[in-house]
Amino acid sequence: MSTPINYLLHLADNALVLGQRNAEWCGHGPILEEDLALANMSLDLIGQARLLYSLVAKRAPTLAADASALPPEGAFAPWGGSAALHGGQLTEDTLAYFRDVPDFRNHTLLELPHHGALVGYAKGNLDYATTIVRNFLFSALMVPLWQQLTTCADTDLAAIAAKSVKEAGYHLRHSRDWLVKLGDGTDESHARVQASLEHLLPYTQEFWMLSALEKEATDAGVVIDWAQLSADWNALLDDALAEATLTRPSAGGYVSQGKLGQHSEHLGYLLAEMQSLARAHPGATW
Amino acid sequence: MTTAPHTAPALKEWPLWEVFVRSKQGLEHKHCGSLHAADAAQALNMARDVYTRRQEGVSIWVVPAKSITASNPDDKGPLFDPAADKVYRHPTFYDIPDEVGHM
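**Q** Quick rundown of the overall build of chain A? Include the residues and the values.
**A** From N to C terminus, chain A includes eleven helices and zero strands. Listed by position from the N terminus, the elements making up chain A come as α-α-α-α-α-α-α-α-α-α-α. Per-residue burial over chain A gives 43% buried out of 286 residues. A separation threshold of at least 6 residues defines the contact pool for chain A, and within that pool the share at least 24 residues apart is 75%.

Below, the structure written as structure tokens:
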């Protein structure tokens, strides 16, 4: 059986966008060891994205050869339509570099900058509390999700999950350790990490707003136990927040829909930086 | 891992940790460097990120640098030079019986 392209792209885009975001710390980390740690984790995520994009490319090989397989003008194509066929072939690179904002299926949470909506407690554009809270919220989702996917009926995806669950496990350990240190730290670190939590937690509603994306995957046989996943995530969150002496804010209000292609204004800038080189020199190799 | 009570004065600088890594084939942990970290668990994480990202190891030790008592370089003469002229302390003056094999 094969996982729907949309769901594979959702997993891949999540990994790529957060990997790119966290790479912004490269050379700017608060200390040398954290600089390396974040770059390591970005490389884990970009590695996951590469495997998933390659799987999409492998499963959609006939598109380039068969022009009639292209969607009609204006119609939605999960792989981004003809732009992703740049150079005539769908590859991991064309999927990463030649799709536009509405083609990306990542959670909105992952594309947000490293500071609060109104900067708030953040000093400058790079607020480590925001980075840590985001990494924690996401890795606490991915550890149990990859765990479930290791036994999914799509054996290629199960193999990627088996590799990724170990990486996510470390990301969770790293971010949880810092969450506790900052939360149970000084007055300032506590206030800043609490502010980040209040800014970011509402975006996690998107995890649990089951949409056509998840339904399509379920119908195709990629069965995820959402109730169990939610219970696992909430347990990880509440346990860490208690140890960090942080208060769990209520997460209500607007439910973001990045996974359906409706993104914040921030993704465009992220993609522009990530894609500009590949688009300026299409087909370049080294 | 114990958490320091809030009453403890905040450190201005993180303490220094010495890092020892055992490689896949290695039998012993070898000293490979040092780093600053707030506590032992964090020192382990950081050592993992800094010293094992090229598959250098399968096990890590971190030791608070202040727990290591080192000999003073100025004492090098009295401590180590007297052993220099006592070649008879090396077991090289014996014939090893063949049945002993490799020693």
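**Q** Go over the environment of Val19(B) with me, naming the residues and quoting the values.
**A** All names here are of chain B. Counting through the fold element by element, Val19 comes out in strand β1 (residues 16–22). With 32 residues separating them in the primary sequence, Val19 and Tyr51 have C-alpha atoms 8.5 Å apart. Those residues in contact with Val19 that sit more than four places away from it in its chain are Cys32, Gly33, Ser34, Leu35, Ala47, Tyr51, Ile60 and Val62.

**Q** Go over the environment of Leu179(A) with me, naming the residues and quoting the values.
**A** Residue and element names in this part refer to chain A. Mapped onto the elements of the fold, Leu179 is located in helix α6 (residues 155–183). Judged by C-beta crowding, with 26 C-beta atoms within 10 Å, Leu179 ranks as buried. Spatially, the C-alpha atoms of Leu179 and Ile132 are 6.5 Å apart, while their sequence positions differ by 47 residues. When sequence neighbours within four positions are dropped, the list of residues in contact with Leu179 reads Ile132, Val133, Phe136, Val193, Ala240 and Ala244.

Thresholds, definitions, all that
- Residues numbered from 1 in each chain as written.
- Chains lettered and ligands numbered in written order.
- Predicted model: local features only at pLDDT ≥ 70, side-chain atom pairs only at ≥ 80, totals over all residues.
- Helix = DSSP H or I, 4+ residues; strand = E, 2+ residues; numbered from the N terminus.
- Buried ≥ 20, exposed ≤ 12 C-beta atoms within 10 Å, placed from the backbone.
- Contact = placed C-beta atoms within 7 Å.

In short, shape yes, function no, at least from these values alone.
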